[in-house]
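Each chain, letter by letter, is given below.
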Amino acid sequence: MAFWLFKSEPDSWSWDNQKAAGNKGTEWTGVRNYQARNNMRAMKIGDKGFFYHSNEGLDVVGIVEVCALAHHDSSTEDPRWECVDIRAVKDVPNSVTLKDVKANPKLEKMALVTSMRLSVQPVQPDEWKEVCRMGGLVPAPE
DNA sequence: GCCAACGTTGGC
DNA sequence: GCCAACGTTGGC
């Protein structure tokens, strides 16, 4: 079981959109960055992730789960790009802001801080637990 | 809306 | 294979 973080601008795809997509989930299309794509290729069914609002909100607002392995991204003809499917699992009761993450020394190595522009990131198990705790999810989902 | 950071492209 | 130019992301 691995943990991840998915960034989305709420203007184009929000947490509400993701929840409305229901249990079968949706393709996480639009990633055009090799590192982010490689992260998706490494995902397994059942892996959990944070859903993060970028540009607006700047906070972790939900928990998602990978429900389909990486496959071709249907939003492009270019065969290089792939995506997984994810589905909403639950809300984070108290959304955890970027500010909160930056202010927590335990999270100073988190990719959200160190790799600001990476849109699909790995999350370490201890970071996962800490952010869940801050968000009011105890025990942390696995 | 600005701009810094950083990834990608393309000429050489 | 280097690196300058360019485009995009995303915090502020």
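Residues numbered from 1 in each chain as written. Chains lettered and ligands numbered in written order. Predicted model: local features only at pLDDT ≥ 70, side-chain atom pairs only at ≥ 80, totals over all residues.

Concerning the sheet that holds strand β3 (residues 48-53)
Turning to step 1, where the next piece is worked out: One open sheet accounts for 6 strands, arranged β2-β5-β4-β3-β1-β6; its pairing is mixed. The sheet is open, and its two borders are formed by β2 (26-27) and β6 (120-123), each paired with just one other strand.
Turning to step 2, where the next piece is worked out: Pairing between strand β4 (residues 59-72) and strand β5 (residues 82-97): 10 bridges, direction antiparallel. Residue pairing in the sheet places Ala-68 in a bridge with Asp-85 of β5. (Pairing = 2+ DSSP bridges. Helix = DSSP H or I, 4+ residues; strand = E, 2+ residues; numbered from the N terminus.)

Points about the nonpolar core
Turning to step 1, where the next piece is worked out: Core analysis: the biggest nonpolar cluster contains 34 residues, and Phe-6, Phe-50, Phe-51 and Val-60 have the highest contact counts within it.
Turning to step 2, where the next piece is worked out: Only β1 (3-8), α2 (34-41), β3, β4, β5, β6 and α5 (125-135) provide two or more residues apiece to this core.
Turning to step 3, where the next piece is worked out: Per-element tally for this core: the top contributor is β5, with 6 residues.
Turning to step 4, where the next piece is worked out: Among all residues touching Phe-6, those that are not within four sequence positions of it are Trp-28, Gly-49, Phe-50, Phe-51, Tyr-52, Val-64, Ile-86 and Val-120. (Core = buried A, V, L, I, M, F, W, Y, C linked by C-beta atoms within 7 Å. Buried ≥ 20, exposed ≤ 12 C-beta atoms within 10 Å, placed from the backbone. Contact = placed C-beta atoms within 7 Å.)

Overview of the protein's contact with DNA strand C
Turning to step 1, where the next piece is worked out: Every residue near DNA strand C is listed here: Lys-7, Ser-54, Asn-55, Leu-58, Leu-98, Met-116, Arg-117 and Ser-119.
Turning to step 2, where the next piece is worked out: Looking at side-chain class alone, the surface near DNA strand C contains 3 nonpolar, 3 polar and 2 charged residues. (Near = placed C-beta within 6 Å. Nonpolar A, V, L, I, M, F, W, Y, C, P; charged D, E, K, R; others polar.)

Regarding the UniProt feature "domain: EVE" (unreviewed entry) in chain A
Turning to step 1, where the next piece is worked out: The UniProt record marks residues 2-134 with the feature "domain: EVE" (unreviewed entry), using the residue numbering of this structure.
Turning to step 2, where the next piece is worked out: The annotated region residues 2-134 carries 26% helix and 36% strand content, and the separation between its end C-alpha atoms amounts to 20 Å. (UniProt positions renumbered as here; feature names shortened; annotations may be inferred.)

Focus: α5
Turning to step 1, where the next piece is worked out: Those residues of α5 that fall on the buried side of the exposure criterion are Glu-127, Trp-128, Val-131, Cys-132 and Gly-135. The buried side chains of α5 occupy one side of the element, clustering within an arc of 130° when seen end-on. α5 presents Pro-125 and Asp-126 as exposed residues on the side facing more than 90 degrees away from its buried surface.
Turning to step 2, where the next piece is worked out: Tucked inside the fold, the buried residues of α5 contact β1, β3, β4, β5 and β6.
Turning to step 3, where the next piece is worked out: Gly-136 occupies a position one or two residues after α5 and carries a positive phi of about 90°. (Arc of directions from axis to C-beta.)

Topic: unusual backbone geometry
Turning to step 1, where the next piece is worked out: Cis geometry is found at the peptide bond from Val-138 to Pro-139, where omega equals -5°.
Turning to step 2, where the next piece is worked out: Its place among the elements puts Pro-139 in the segment after α5.
Turning to step 3, where the next piece is worked out: A positive phi angle, near 70°, is found at Asn-55, a position not held by glycine.
Turning to step 4, where the next piece is worked out: With respect to the element layout, Asn-55 can be found in the loop between β3 and β4.
Turning to step 5, where the next piece is worked out: Backbone geometry places Leu-58, a non-glycine residue, at a positive phi of 50°.
Turning to step 6, where the next piece is worked out: Positionally, Leu-58 belongs in the loop between β3 and β4.

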